[in-house]
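Commentary on secondary and tertiary structure
Listed here are the chains, written in short residue letters.
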Amino acid sequence: MRDCDDELWDDQDREDDDCEDEDDEFDEDENEDDDEFDEDEEDEDEFDAIPIELYNAVVLDEVPWDPKEAEELFQECISAVTYSPRETTRARDLYEMPTLDDEVYPLAAAVYLGSTRDPRAVEPLISMLSADLYECVAAAAWALGAIGDERAVGPLKEALENDGFDTLWECGLPLSEGFDEGKLARLLDTIGDTIFGSDVSPIVTALKEIEAKKDSADR
């Protein structure tokens, strides 16, 4: 027969076990909260280099309503798509190319500049056609087609002769491949849908759009 002291110790042990279980559950919940916070923080860290105004303009179609802010965003995008001239526009070895996440800002900037239809963006976008990454060339071509300026015809034809870029375009992988859900993935999905919205190379599409605009102006 058990005495009262044994029963009291058993009750105490059960209470201690319950407290440990509650502490474990609390730690698990706290770790889950920390994980969610870390993911949010990581998403924001990846996005630091891209102005939120540019994200809003490309993904949400929300352009700054203040003319001064709109001009500042325009000039920032001009800087982002201005590439230094190279001796050749031929693609370098694929293994030497920059990764896509290094070029997200210029991609978004090119899409925004194309949407403005502002001819001041033509020369900077032409310089972007010399980029090593085909997605950047495609974004510049799309933007130049959207603007429709004849100055882009020669550089676009030169870019079209680059077989390496055409091969990359035919792969058809989404730009956000390998990126977790978040602002960066949403931005890349929007850019991809804009640039590669048809089964024709963006360079060919741009040349056709410029030609169509020229024919319309000549009538």
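1. Here we look at the packing of helix α2 (residues 52-59) against helix α4 (residues 104-116)
Geometrically, a packed helix pair is captured by the angle between its two axes and the distance between the axes. Contact geometry of α2 with α4 gives a least axis separation of 10 Å together with a crossing angle of 55 degrees. Considering their axes alone, α2 and α4 lie oblique with respect to each other. In this structure, α2 crosses over α4, and the sense of that crossing is left-handed. Here α2 contributes L54, A57 and V58 to the contact with α4, which in turn contributes Y105, A108, A109, V111 and Y112. Looking at the contact of α2 with α4 residue by residue, the class counts come to 8 nonpolar, no polar and no charged.

2. Section: the nonpolar core
For soluble globular proteins, nonpolar side chains are generally found buried alongside one another. Within the largest apolar cluster, 52 residues are counted, with the highest numbers of intra-cluster contacts made by L125, L156 and I191. Breaking this core down by element, the ones donating at least two residues are α2, α3 (67-81), α4, α5 (122-128), α6 (134-147), α7 (153-160), α9 (183-195) and α10 (202-218). Residue contributions to this core peak at 10 residues, all from α6. The contact partners of I191, leaving out residues within four places of it in the chain, are V58, L107, A108, V111 and L175.

3. Quick word on α2
When α2 is considered as a whole, its buried residues turn out to be L54, Y55, A57 and V58. Seen from one end, α2 has its buried residues packed into an arc of 165 degrees, which puts them on one side. Contacts made by the buried residues of α2 are with α3, α4 and α9. Taken from the residues just after α2, D61 is the one with a positive phi, measuring 60 degrees.

4. Brief notes about the packing of α7 against α10
At a minimum axis distance of 10 Å, the contact between α7 and α10 shows a crossing angle of 155 degrees. Judged by the inter-axis angle, α7 sits roughly antiparallel to α10. In this structure, α7 crosses over α10, and the sense of that crossing is left-handed. Along the contact surface, α7 presents V153, L156, K157, A159 and L160, while α10 presents I203, V204, A206, L207 and I210. Its residues assigned to classes, the contact of α7 with α10 comprises 9 nonpolar, no polar and 1 charged.

5. Notes on unusual backbone geometry
Although it is not a glycine, D61 sits at a positive phi angle of roughly 60 degrees. With respect to the helices and strands, D61 occurs in the loop between α2 and α3. Positive phi, normally seen in glycine, also occurs at R117, with a value near 60 degrees. Residue position: R117 is located in the loop between α4 and α5.

The rules behind each value
- Residues numbered from 1 in each chain as written.
- Predicted model: local features only at pLDDT ≥ 70, side-chain atom pairs only at ≥ 80, totals over all residues.
- Heavy atoms only, no water.
- Axes fitted to C-alpha atoms, helices over the stretch in contact; angles between N-to-C directions.
- Helix = DSSP H or I, 4+ residues; strand = E, 2+ residues; numbered from the N terminus.
- Parallel < 35°, antiparallel > 145°, perpendicular 65-115°, else oblique.
- Left-handed = near helix turned anticlockwise from the far one by under 90°.
- Contact = heavy atoms within 4.5 Å.
- Nonpolar A, V, L, I, M, F, W, Y, C, P; charged D, E, K, R; others polar.
- Core = buried A, V, L, I, M, F, W, Y, C linked by side-chain atoms within 4.5 Å.
- Buried < 20%, exposed > 50% of the residue type's maximum accessible area, 1.4 Å probe, protein only.
- Arc of directions from axis to C-beta.

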